[in-house]
Each structure stands twice: as structure tokens, then as C-alpha cells.
Amino acid sequence: MDLFEYQGKQLFARYDIPVSPGEAVTDVEAAVAAANRIGYPVVLKAQVQVGGRGKAGGVKLAANEAEAREHATSIIGLDIKGHIVHILWVEKASDIAEEYYASFTLDRAAKKYLGMLSAQGGVEIEVVAEKDPDAIAKIHVDPVDGLDEATCRAWVQAAGLNPKAVDGAVDILLKLYTCYVEGDADLVEINPLILTPDDRVHALDAKVTLDDSAVFRHPDYEQYDATQVRDEREQAAHERGLQYVGLDGYVGIIANGAGLAMATVDIVSQVGGEAANFLDIGGGANAEVMTGALEVINNDPKVRSIFINIFGGITKGEEVANGIVAALDRVKIAAPIVIRLDGTNADEGRAILEPHLSERLQLQPTMLEAARAAAALAGATL
Ligand code: GDP
Ligand code: MN
């Protein structure tokens, strides 16, 4: 899950990475009060999980109370690339001599952590990578060995930072590495990492993605769940405890098991359709779970057909069929449904579905035929 900048900075502060003191607020008066407490000049920053806030008018300096009020008014409610600003971060403004870029992430192909450092910060790293790839100093860190100070120093030197910034950068990068590993992050990024005119190195921005699978090791990470930005469909699925990922297509998918759900997305694509989602209902396909899954799919206006792909294992075919029949009683489904039911007691399950079949509720013998039928019902052409 992605954190807001202020949450990332609060996490950095726990690892002793220097960040500016500040307060998160949600309305103009609170912003002004926070600015008065912090002391001018302050910077007001839109909290949205998208880059380029500066250019979009979401980052503004205020020298006094009148400016703080004016900027808070213009930023709260602002639409930045489709993200509406609800939270404003007010922090003590910094003087900037130079802007750098620093991050750690995972390089899956290398099976190592990847550190990236550049003297050209403050702009999107993708732009630097495109225009001047040599300006990014990369380092692979073996998780078993970790990152030692000598290696870190050589890396900072290779990046060509101002000599005045080297000690401070080494210190921050070692702490950032610890934050990345101990915090179970997938990404920690500081852009810009700044050198101030009085030679201090400081994190001016924070982008952090945490590994959802590691949340159980960090009970305090539960606080971030409340501020997660999910699209409406993902929120509805999350509330029902379903494993759901929204996609851009129009064939709604319900399958049991993550592997089968992924294979279902693939086969829909193979026959010329486009999946609207990934949805794994897990082991039990009872009426409760099936109802929840159908509700989530049904609320997606892009869905033109629904493909239910169930392979009975521990869950027997008749339980699945009863679950589907009961769910159809509870939810009025907008799109036609194609079912493929196989595995344990599939024949018994199909017999239960038989009397309910119609133009809008089809049963197909194989996964491939079901995918074709669902794509055709949605109007896909190959
Ligand atoms: P982003 O555009 O979403 O990445 O937001 P950033 O937090 O990186 O801010 C964008 C830019 O605003 C930075 O690169 C700085 O140039 C500027 N900025 C942010 N905070 C301060 C500050 O405290 N003082 C000054 N002078 N500029 C700042
Ligand atoms: Mn930034």
C-alpha cells in the first residue's frame, strides 16, 4: 500500500532521517493555525498519491498568515490528475542549495535490492533516466550482506553529489536502507533530497510503498488502512474481504483461487475479450461469498458480461451451485452470466444449476468455451 507524503515522513522520522517538522490538516483554518504554530515561512503541500504536485499548484510557500490562508484555500479541494486534495501537510519551509534523488526498491530480475541516487533531483526520475541515464548511480544490495558504510560512501561518490553533501547523504542512505528493510517497504523514495545553504542534507519529500503481506509484522501499519485510496470497486471488495484488483476491461471475473483467477483473466484476453477485474473468492464458494462477489462486479458499470469460473476441490460442486443460485436470488444482476463448473461433484452442481439456465445464465463445459461465450456476450470481436 502507498503512503501519503506526511505518513512517509513520519515513518522516516522514526528511523532518524531528517525531515521538516509539520502538521497534517483538513481545512483552511486548521492550516492557518498550524502555520502560525510552526512559524513562517511554511510550505503547504497537497497530500495526494500522485507525482508532480509542485507543477500542478499543489505545493506553495507562504511567508505570512495571509499567504497561508490564500494557498490553503486554493490547494484544499484541488483536483490533481484526478486526485482531489482532502489532506494538506504544512511544514517549516527549507532553503534549498541543491536537489538530489534517492531510492531503494526491489530488482526482481537481479534478486537484490536496488538503490538509485542522482545529483539531478527534484524532477521525475523517469525523465532523468530517459535524458541522462548516466546521471543515476545504481547499486545492488544483497539482502544477506546488507549495506555497509564503505559501500554506501563509494556509491555516493559515484553519484557526484556536492562534496559538502557526502557525509549527510551517506548517513541518510544508511538509515533509509534500514527503514526499507525493517519497515518491509517495497519502495522508499526521497525526491528531492536536499542540500541546504548551511550544508545540511534533508528529506524534502517522501514516497513509500509498504508490502501488504508484511502488515502482520507491523500492527501500527493498520492506521494506514483508514487512509488508503481505493477506487470504488476496490473499496467495495475490500469491505467484503475479497481479493480484488480492478482492471480496464468489460468481462467481470469471479474465480476460486488466485491461480485460476489469473488464468481466467488470461483466457478472456486470449479469446479477444478484456477482463474488468481479477477476483479470487478463495476456497469457500458459499452463498455469502458469491453474493458479495456478484455485488462488487454488478456495481462496475463497465461490466457487460460475467464469467464465473469455479473448480471444485474441497468445496464440492453442489455447494458452489447452491451458492450461485442463492446469490442470484439476492442480487439483481445487470449483465449476463457464463458459468464453468468443474472438479469435485461437478455433475451434481450442474444438475442444480440446470433449471435456472436461460439466455442470461449459461453453463459451458470448458473454461475455453466459457471464455468465448462471455467475450461474445460482451460484444468482443477477435
Ligand atoms: P512533487 O512535485 O509532488 O514531487 O512534490 P515535492 O515535495 O517534491 O515538491 C516539489 C518542489 O517544491 C520541490 O522539488 C521543491 O523545489 C519545492 N519545495 C518543496 N518544499 C520546499 C521548501 O520547503 N522550500 C522550498 N524553497 N521549496 C520547496
Ligand atoms: Mn517530489
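All values reported here derive from a predicted model rather than from experimental measurement. (Residues numbered from 1 in each chain as written. Chains lettered and ligands numbered in written order. Predicted model: local features only at pLDDT ≥ 70, side-chain atom pairs only at ≥ 80, totals over all residues. Heavy atoms only, no water.)

A. Representation of the pairing of strand 17 (residues 337–343) within the structure. Across the seven residues of strand 17, five count as buried, placing the element largely inside the fold. Direction of pairing for strand 16 (residues 305–312) relative to strand 17: parallel, over a ladder of seven bridges. The residue of strand 17 that forms the bridge with F307 is V338. Regarding topology, helix 11 (residues 317–330) serves as the crossover connection from strand 16 to the parallel strand 17, and that connection is right-handed. Looking at chain direction, strand 17 and strand 18 (residues 361–363) are connected through three bridges and run parallel. Bridging from a neighbouring strand, I339 pairs with L363 of strand 18. Tracing the backbone out of strand 17, into helix 12 (residues 346–353) and back to the parallel element strand 18 gives a crossover that is right-handed. (Buried < 20%, exposed > 50% of the residue type's maximum accessible area, 1.4 Å probe, protein only. Helix = DSSP H or I, 4+ residues; strand = E, 2+ residues; numbered from the N terminus. Pairing = 2+ DSSP bridges. Right-handed = clockwise from strand over helix to strand, strands pointing away.)

B. Fine view of the side chain of T264. As for its placement among the helices and strands, T264 is situated in helix 9 (residues 258–270). Ignoring any residue separated from it by four or fewer positions in sequence, one finds T264 in contact with I253, A255, F307, N309 and M367. (Contact = heavy atoms within 4.5 Å.)

C. Fine view of the domain arrangement of the chain. Per the domain assignment, the segments of the chain are domain 1 (21–92), domain 2 (98–222) and domain 3 (232–377). The C-alpha centroid of domain 2 is placed 26 Å from the C-alpha centroid of domain 1. (Domains from an automatic or database assignment.)

D. Looking closely at the site of ligand 1. Neighbouring residues of ligand 1: 15 residues in total, closest K45, R53, G54, S94 and E99. K45 places a side-chain nitrogen or oxygen 2.5 Å from an oxygen atom of ligand 1. Between an oxygen atom of ligand 1 and a main-chain N or O atom of N191, the distance comes to 3.1 Å. Protein chains bury 79% of the 570 Å² of accessible surface belonging to ligand 1 in isolation. Going through the elements one at a time, strand 2 (42–47), strand 3 (59–62) and strand 10 (185–195) are the ones with two or more residues in the shell around ligand 1. Per-class residue counts for the shell around ligand 1 are seven nonpolar, four polar and four charged. (Near = heavy atom within 4 Å. Polar contact = N/O pair within 3.5 Å; in protein donor to acceptor, adjacent residues only side chain to side chain. Areas by Shrake-Rupley, 256 points an atom, 1.4 Å probe, with all protein chains shown as cover. Nonpolar A, V, L, I, M, F, W, Y, C, P; charged D, E, K, R; others polar.)

E. Looking closely at the coordination of the manganese ion (ligand 2). Protein-derived coordination of the manganese ion (ligand 2) comes from N191 (O) and D205 (OD), at a distance range of 2.2 Å. On the criterion of sequence distance, the pair formed by N191 in strand 10 and D205 in the loop between strand 11 (201–203) and strand 12 (207–210) is long-range, its members being 14 residues apart. For the pair shown, N191 and D205 are each scored as buried. (Donors = N, O, S within 2.8 Å, 3.2 Å for Na, K, Ca; no water.)

F. Focus on the sheet that holds strand 1 (residues 22–25). Pairing in this open sheet of four strands is antiparallel, and the strands run 1-6-2-3 from one edge to the other. The sheet is open, and its two borders are formed by strand 1 and strand 3, each paired with just one other strand. Adjacent strand axes in the sheet meet at a mean angle of 20° when their direction is disregarded. When strand 1 meets strand 6 (residues 87–92), the two strands line up antiparallel, connected through four bridges. (Axes fitted to C-alpha atoms, helices over the stretch in contact; angles between N-to-C directions.)

G. View of the environment of N191. A residue is classified by how much of its surface remains accessible, and N191, at 14% relative accessible area, is buried. Remark: the alpha-carbon pair of N191 and L361, spanning 170 residues in sequence, is separated by 52 Å. Other than its neighbours up to four places away in sequence, N191 contacts Y100, Y101, G121, G122, V123, E124 and D205. Within polar-contact distance, the side chain of N191 engages the backbone nitrogen of G122 at 2.7 Å.

H. Helix 9, seen in detail. Taking 1.5 Å of rise per residue, the 13 residues of helix 9 would be expected to cover 18 Å, and the 18 Å separating its terminal C-alpha atoms lies within 8% of that figure. For helix 9, the set of buried residues is L260, A261, T264, V265, I267 and V268. In this structure, the buried residues of helix 9 make contact with strand 14 (251–255), strand 15 (277–280), strand 16, strand 17 and helix 13 (367–377). Following helix 9 by one or two positions, G272 adopts a phi angle in the positive range, close to 95°. (Expected span 1.5 Å × (residues − 1).)

I. Quick look at the packing of aromatic side chains. One pass over the structure, following the stated rule, counts eight aromatic pairs. Residues F4 and Y6 carry aromatic rings whose centres are separated by 6.1 Å and whose planes lie at 15° to one another, so their mutual orientation is stacked. By relative accessible area, Y6 is classed as buried at 12%. Here the aromatic cluster, defined as three or more aromatic residues joined through ring pairs, consists of F104, Y113, W155, Y177 and Y180. Above the plane of the ring of Y250 lies R304, whose end atom (NZ or CZ) is 4.2 Å from the centre. (Phe/Tyr/Trp six-rings, centres within 6.5 Å; stacked < 30°, edge-to-face > 60°. Lys NZ or Arg CZ within 6 Å of the ring centre and 35° of its normal.)

J. The nonpolar core, seen in detail. Core analysis: the largest hydrophobic core is formed by 43 residues, its most contacted members being F12, F104, W155, L173, V188 and L210. Per-element tally for this core: the top contributor is helix 6 (residues 166–182), with nine residues. In this view, L173 contacts A102, F104, L117, L147, C152, W155 and V156; residues no more than four positions away in its chain are not counted. Counting 32 residues, the second-largest nonpolar core is a separate cluster that includes I254, A285, V331 and I339. (Core = buried A, V, L, I, M, F, W, Y, C linked by side-chain atoms within 4.5 Å.)

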